[in-house]
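Working through the structure, step by step
Single-letter residue listing:
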Amino acid sequence: MTRDKQIAILLPDTLQAFGLENLLKEYFVPVTVARFANERSFNRESADMFDFYFTDMEFFLRNIDFFLPRRTKTFILLDGKTGNTCQPPLSGNLNLLATDVPIEQFIEQIEPLLSTDAHSPAENNKALSSREINVLQQVVSGYTNKEIADHLNISLNTVLSHRKNITAKLGIKTVSGLTFYAIMNGYISGNEPNT
């Protein structure tokens, strides 16, 4: 007998949270859902009882120290303004969900993610190399390809090749999407200013 999946919805928008709760209960049985509108209502001490967390980017960034260790269990809802070019689900344990899509497509985004065991570490078959991580850190810090080549003492063509590989491995095409990936995987902190 399988137990209900415990889901926490951490969204300040009541209508969005209520809609997501009803969608999860209708399409992903058996689930138990708890909604939280802000940090005060969410008890971090008992938070590990949840299998999955659904939140938006603002709540995620305000509570990054909580979510980073739970990134494989965290789903970040992105509207058209913050990331409609991302193609969820993405590799690298980054669970970005586009909300400005038809309901069927939204369900298709969630289905493979909820069907995985939240307590087993996800395998990242397309892990970035250490040099690709260096390039990623430079990209999300706002450096141009030429500046990255100069900083890392590599050719411009090598930088372009690394960027192409990063995009292919992660399926992320935007700098904002790469930034979310880098933060969630601990390659940069959410507090670091762009230099």
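Everything quoted here is computed from the prediction, not taken from an experiment.

1. Focus on the overall build of the chain
Each helix and strand in the chain was counted, giving 9 helices and 5 strands. When its helices and strands are written in sequence order, the chain yields β-α-β-β-α-α-β-α-β-α-α-α-α-α. Sorting the 195 residues of the chain into buried and exposed places 43% on the buried side. For the chain, the share of sequence-separated contacts (at least 6 apart) that also reach a separation of at least 24 residues comes to 56%.

2. A look at the nonpolar core
Membership of the largest hydrophobic core comes to 37 residues, with the highest contact counts inside it found for L10, F42, Y53, F60, L136 and L178. Elements that contribute at least two residues to this core include exactly β1 (5-10), α2 (57-62), α3 (64-67), β4 (74-78), α6 (130-140), α7 (145-152), α8 (156-170) and α9 (175-184). If one sorts the elements of this core by residue count, α9 sits on top with 6 residues. Those residues in contact with F60 that lie beyond four places of it in its chain are T55, F67, T74, I76, I183 and M184.

3. Some details on helix α1 (residues 14-27)
Here α1 spans 20 Å end to end across 14 residues, near enough to the 20 Å set by a 1.5 Å rise per residue. Listed in full, the buried residues belonging to α1 are A17, L20, E21, L23 and L24. Projection of α1 onto a plane perpendicular to its axis shows the buried side chains occupying an angular sector of 165°, all on one side. The exposed residues of α1 that point more than 90 degrees off its buried face are T14, L15 and E26. As for α1, its buried residues are in contact with β1, β2 (31-36), β3 (52-56), β4 and α5 (103-114). For α1, the side-chain oxygen to backbone nitrogen distance between the N-cap and L15 is 3.0 Å, and the N-cap itself is D13.

4. Examining the pairing of β1
With 5 of 6 residues buried, β1 is to be regarded as a mostly interior element. Crossover handedness for the path β1 to α1 to β2: right-handed. Alignment of β1 against β3, held across 4 bridges, turns out to be parallel. Looking across to β3, one finds that L10 is bridged to T55.

5. Things to note about unusual backbone geometry
The phi dihedral of N153 falls on the positive side, at around 55°, and the residue is not glycine. Counting through the fold element by element, N153 comes out in the loop between α7 and α8. When its relative accessible area of 69% is taken as the criterion, N153 is described as exposed.

6. A word on the pattern of salt bridges
Tallied over the full model, the rule gives 6 salt bridges. For R35, the salt bridge goes to E21, with nearest N and O atoms at 2.4 Å. Here E21 lies in helix α1 and R35 lies in strand β2, a separation of 14 residues in the sequence. For E21, a relative accessible area of 9% translates into the label buried.

Calculation notes
- Along each chain, residue indices are assigned from 1 in the same order as the chain's sequence is written.
- With the structure being a predicted model, the display of local features is reserved for residues of pLDDT at least 70 and the display and counting of side-chain atom pairs for 80 or more, all residues being used for whole-chain, interface and lining totals.
- To obtain the side-chain values, all non-hydrogen atoms of the structure were used and water was disregarded.
- Helix and strand assignments come from DSSP, with helices taken as H or I runs of at least 4 residues and strands as E runs of at least 2, each series counted from the N terminus.
- Buried means the residue's accessible area, taken with a 1.4 Å probe over protein chains only, is under 20% of the maximum for its type, while exposed means over 50%, and partly exposed covers the values in between.
- Contact between two residues is taken to exist if any of their heavy atoms lie within 4.5 Å; hydrogens are not considered.
- Grouping buried Ala, Val, Leu, Ile, Met, Phe, Trp, Tyr and Cys residues that are joined through side-chain atoms within 4.5 Å yields what is termed a nonpolar core.
- Between the first and last residue of a helix there are one fewer steps than residues, each counted as 1.5 Å, and that sum is the expected span.
- Taken from the helix axis, the directions to the C-beta atoms give the arc we talk about.
- Each polar contact in these results corresponds to two N or O atoms within 3.5 Å; when the atoms are within protein, one needs to be able to donate a hydrogen and the other to accept it, and residues that are neighboring in sequence are counted only if both atoms are side-chain atoms.
- Note on handedness: a crossover is taken as right-handed if, strands pointing away from the viewer, the path from the first strand over the helix to the second is clockwise.
- What makes two strands pair is DSSP finding at least two bridges between them.
- When a carboxyl oxygen of Asp or Glu lies within 4 Å of a side-chain nitrogen of Lys or Arg, that pair is called a salt bridge.

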